[in-house]
Amino acid sequence: MKPNVSLQQDIESEIRQAIDRSLRSHGIAILPPMDVKDSLQLMKRIGISPSVTMLDPWYNKGVGGVRDDYREFIIDLLRNAVGVSDHVFLWGFPEIVAYFVDKLPEQLNLVAWLTWYYKNNPSVIRGWRSSQNACLHLAGVGAKLYPEHFLNEAQKAKQVQGKLRYMPGPTSVIEEDLLDPPDVIEASLMVGFVGRKEQTGHPSQKPVSVFEKLYLMTTTEGDLIFDPMSGSGTTGEAARRNKRLAIISDHSDEYTKIAEDRLGIERIPVPLPMLPEH
Ligand SMILES: C[S@@+](CC[C@H](N)C(=O)[O-])C[C@H]1O[C@@H](n2cnc3c(N)ncnc32)[C@H](O)[C@@H]1O
């Protein structure tokens, strides 16, 4: 049954309070399983403004299934992400995300094309062995970046003394007082014994070390991150390690349970049939 307007407002206010309580107690709120479009809409309706939204969908290449309407799905997803946060990350294989670069909503600009490079993908096909994922970093005008979060202690000391040089551009990679982190992130794929302690059984789990770089660049301590396709809860883990707050959700009950176990907290109590419709 479709809730009437005032009932819906009551439900949304309850959800908001439950999220706030969970964030206060744990720094993380896990939403009950829901579609990504619903959770994006929900953030807007209940007035929650994260700094970053992480969009890490299935990649339309096998794991998670292949959908004919994938392009429309992603374009719609980006449209729904507008107005939720300053920064948006969109993951996928390069040949798939390339399509979206010139089809972005006008409110989101391409800040960077990031690459996650892993050497250890087992070769299963006779052809190019996949060893990279792409991530589009998108942002609205004026969205803040924090390259200073990547300084080491010596660099920070130099910065305090006003001696740190800023060296933008590709040649700067050889400069020792580099501020910008590279846009290629190297980290092993978590397969077999690699990253065993971190593995949760989710078939497409990203390493925390990859996600946390994206969050360090776009947030500062206490900022809020939103991940509406959160899988095993990597965003929650990355947020916790770096003193950020996170709201996460996934449409799968199985993966929501994995995230609950991983993060040691329960999803917020919201009766699913009462969730607002998009
Ligand atoms: C690539 S995985 C995300 C992995 C995650 N970043 C991690 O490190 O564990 C994609 C996730 O998107 C979720 N998903 C796919 N379609 C969705 C939808 N329409 N709404 C919400 N979640 C969805 C899947 O259940 C899956 O867990």
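Residues numbered from 1 in each chain as written. Predicted model: local features only at pLDDT ≥ 70, side-chain atom pairs only at ≥ 80, totals over all residues. Heavy atoms only, no water.

Asks: Talk me through the overall build of the protein chain; I want residue IDs and the actual numbers.
Replies: If you tally the helices and strands in the protein chain, you get eight helices and eight strands. For a compact globule of 278 residues, the expected C-alpha radius of gyration is about 19 Å, and the protein chain comes in at 19 Å, within 12% of that figure. Seen through its principal axes, the protein chain has C-alpha atoms that stretch 60 × 55 × 40 Å. Taken across its 278 residues, the protein chain has 49% of its residues classed as buried. The contacts of the protein chain with a sequence gap of at least 6 include a subset with a gap of at least 24, amounting to 70%. For the protein chain, the accessible area works out to roughly 14500 Å², and carbon and sulfur atoms hold 53% of it. Across the protein chain, the centroid of the 31 positively charged side chains sits 4 Å from that of the 36 negatively charged ones. (Helix = DSSP H or I, 4+ residues; strand = E, 2+ residues; numbered from the N terminus. Rg over C-alpha atoms; globule rule 2.2 N^0.38 Å. Buried < 20%, exposed > 50% of the residue type's maximum accessible area, 1.4 Å probe, protein only. Contact = heavy atoms within 4.5 Å. Areas by Shrake-Rupley, 256 points an atom, 1.4 Å probe, with all protein chains shown as cover. Lys, Arg positive; Asp, Glu negative; His and termini not counted. Charge placed at Lys NZ, Arg CZ, Asp CG, Glu CD.)

Asks: Describe the sheet that holds strand β4 (residues 109-117), with residues and values.
Replies: The strand order across the open sheet formed by eight strands is β1-β8-β7-β2-β3-β5-β4-β6, and the pairing between neighbours is mixed. Either end of the sheet is taken by a strand with one partner, and the two such strands are β1 (28-30) and β6 (184-186). Sheet twist, expressed as the average angle between the axes of neighbouring strands with direction ignored, equals 20°. Note that β4 and β6 share three bridges and pair parallel. Each bridged residue has a counterpart across the sheet, and for Thr115 the counterpart in β6 is Val184. Seen against the sheet, helix α2 (residues 36-45) touches β2 (52-55), β7 (224-227) and β8 (245-248) and runs at an angle of roughly 155° to β7. (Pairing = 2+ DSSP bridges. Axes fitted to C-alpha atoms, helices over the stretch in contact; angles between N-to-C directions.)

Asks: Explain the packing of aromatic side chains to me, and be specific about the residues and the numbers.
Replies: Counted by the stated rule, this structure contains eight aromatic pairs. Lying across the ring of Phe73, Arg67 places its NZ or CZ 3.9 Å from the centre. Across the ring face of Trp91, the terminal group of Lys206 is positioned such that the distance to the ring centre comes to 4.8 Å. (Phe/Tyr/Trp six-rings, centres within 6.5 Å; stacked < 30°, edge-to-face > 60°. Lys NZ or Arg CZ within 6 Å of the ring centre and 35° of its normal.)

Asks: Residue-level account of the site of the ligand, with values.
Replies: Close to the ligand lie 22 residues; Asp56, Lys206, Ser232, Thr234 and Asp250 are nearest. For the ligand, an oxygen atom lies 2.7 Å from a polar atom in the side chain of Asp250. Here the shell around the ligand is built from residues that sort into nine nonpolar, nine polar and four charged. (Near = heavy atom within 4 Å. Polar contact = N/O pair within 3.5 Å; in protein donor to acceptor, adjacent residues only side chain to side chain. Nonpolar A, V, L, I, M, F, W, Y, C, P; charged D, E, K, R; others polar.)

Asks: Tell me about the confidence of the model for the protein chain, residues and numbers included.
Replies: Looking at the protein chain, the pLDDT average stands at 89 and 91% of residues meet or exceed 70. Note on residues 167-175: pLDDT is under 50 here. Beyond four places in sequence and across chains, it has seven contacts. (pLDDT = per-residue confidence, 0-100.)

Asks: Describe the nonpolar core, and please don't skip the residues or the numbers.
Replies: Among the nonpolar cores identified, the biggest contains 40 residues, and Ile19, Met43 and Ile247 are the most heavily contacted of them. Secondary-structure elements contributing two or more residues to this core are α1 (5-26), α2, α3 (70-81), β3 (87-92), α4 (94-97), β5 (132-139) and β7. Top contributing element to this core by residue count: α3, with seven residues. Setting aside chain neighbours within four positions, we find Met43 in contact with Ile19, Leu31, Ile48, Val84, Phe226 and Ile247. Formed by 28 residues, the second largest nonpolar core is a distinct cluster that contains Val208, Tyr215, Ile248 and Ile265. (Core = buried A, V, L, I, M, F, W, Y, C linked by side-chain atoms within 4.5 Å.)

Asks: Explain the pairing of β4 residue by residue, including any values.
Replies: Where β4 meets β5, eight bridges bridge the pair, whose relative direction is antiparallel. Bridging across to β5, Thr115 finds its partner in Ala134.

Asks: How would you sum up the environment of Leu145? Please name residues and give values.
Replies: By the secondary structure assignment, Leu145 is in the loop between β5 and α5 (153-160). For Leu145 and Leu216, which are 71 residues apart along the polypeptide, the C-alpha to C-alpha distance reads 8.7 Å. Setting aside anything within four residues of it in sequence, one finds Leu145 in contact with His87, Val111, His137, Met217 and Thr218.

Asks: Could you give an account of the pattern of salt bridges, with specific residues and numbers?
Replies: Side chains carrying opposite charge are able to pair once their charged atoms draw close together. Following the criterion strictly, the structure yields 12 salt bridges and no others. Among the ionic pairs, Lys206 bridges to Asp56, the shortest N-O distance being 3.0 Å. Here Asp56 lies in the loop between β2 and α3 and Lys206 lies in the loop between β6 and α6 (208-218), a separation of 150 residues in the sequence. No difference in accessibility class separates Lys206 from Asp56, as the two residues are buried. The partner of Arg67 in a salt bridge is Asp69, and the shortest N-O contact between them spans 2.8 Å. On the accessibility criterion, Arg67 (37% relative accessible area) is partly exposed. One salt-bridge network, in which partners are shared between bridges, spans Asp253, Lys257, Glu260 and Arg267. (Salt bridge = Lys/Arg side-chain N within 4 Å of Asp/Glu carboxyl O.)

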